[in-house]
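Here's the letter readout for the chains.
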Amino acid sequence: MRLSKLILHKDILLIHADIHSNDYIFTVKWKELDNKKGGEWELKSYINNSNGKKDLSQEEIDQLINQINPEWDWEQEQEQMQKAREKDVD
C-alpha cells in the first residue's frame, strides 16, 4: 500500500492510495474522542478509481486506517509538554 496526494480540509482528509496496483480514493474524517484527548481517523467512503467499485476486504481497510491513525500515549504527551513549559519558565 502506497499513500499519495493527501489533501486535508478542516477535519476531512482525502487520500489517494495504490493497493494491488489499483488507484483508490479514501475519504476519512477526524473523530475527536468525547473526553477531548487525542482522536483518530474514521473511514467515511472509498472507491476503486479504476472500476468504481468498493472491492477491498475489511482487513485491507483496517490496514489503511491503522497506517494513518496516530499511535501515541496522550497522557504521556501532555506530561512532557507540561514539563517543557515549566522548564521554559525557569
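Residues numbered from 1 in each chain as written. Predicted model: local features only at pLDDT ≥ 70, side-chain atom pairs only at ≥ 80, totals over all residues. Heavy atoms only, no water.

A closer look at the overall build of the protein
Line of reasoning, step 1. Each helix and strand counted, the protein has two helices and four strands in total.
Line of reasoning, step 2. Here the protein holds 90 residues, and the buried ones make up 22% of them.
Line of reasoning, step 3. Long-range contacts, defined as pairs at least 24 residues apart, comprise 34% of the intrachain contacts of the protein with a sequence gap of at least 6.
Line of reasoning, step 4. Of the roughly 6,700 Å² that the protein leaves accessible, carbon and sulfur atoms contribute 46%.
Line of reasoning, step 5. Each charge class in the protein was averaged separately, 13 positive and 19 negative side chains, and the resulting centres sit 6 Å apart. (Helix = DSSP H or I, 4+ residues; strand = E, 2+ residues; numbered from the N terminus. Buried < 20%, exposed > 50% of the residue type's maximum accessible area, 1.4 Å probe, protein only. Contact = heavy atoms within 4.5 Å. Areas by Shrake-Rupley, 256 points an atom, 1.4 Å probe, with all protein chains shown as cover. Lys, Arg positive; Asp, Glu negative; His and termini not counted. Charge placed at Lys NZ, Arg CZ, Asp CG, Glu CD.)

Some points on unusual backbone geometry
Line of reasoning, step 1. The phi dihedral of K5 is positive, around 50°, even though this residue is not glycine.
Line of reasoning, step 2. Structurally, K5 is set in strand β1 (residues 2-9).
Line of reasoning, step 3. Judged by relative accessible area, K5 falls into the exposed class, the value being 59%.

What about helix α1 (residues 58-68)?
Line of reasoning, step 1. Turning to α1, its buried residues are E60, I61, L64, I65 and I68. Along the axis of α1, the buried positions cluster into a sector of 135°, meaning they face one direction only. In α1, the exposed residues that point more than 90 degrees away from the buried face are Q58 and E59. (Arc of directions from axis to C-beta.)

With respect to the environment of H9
Line of reasoning, step 1. Structurally, H9 can be placed in strand β1.
Line of reasoning, step 2. In the structure, H9 is positioned 56 residues away from I65 in sequence and 18 Å away in space, judged by C-alpha atoms.

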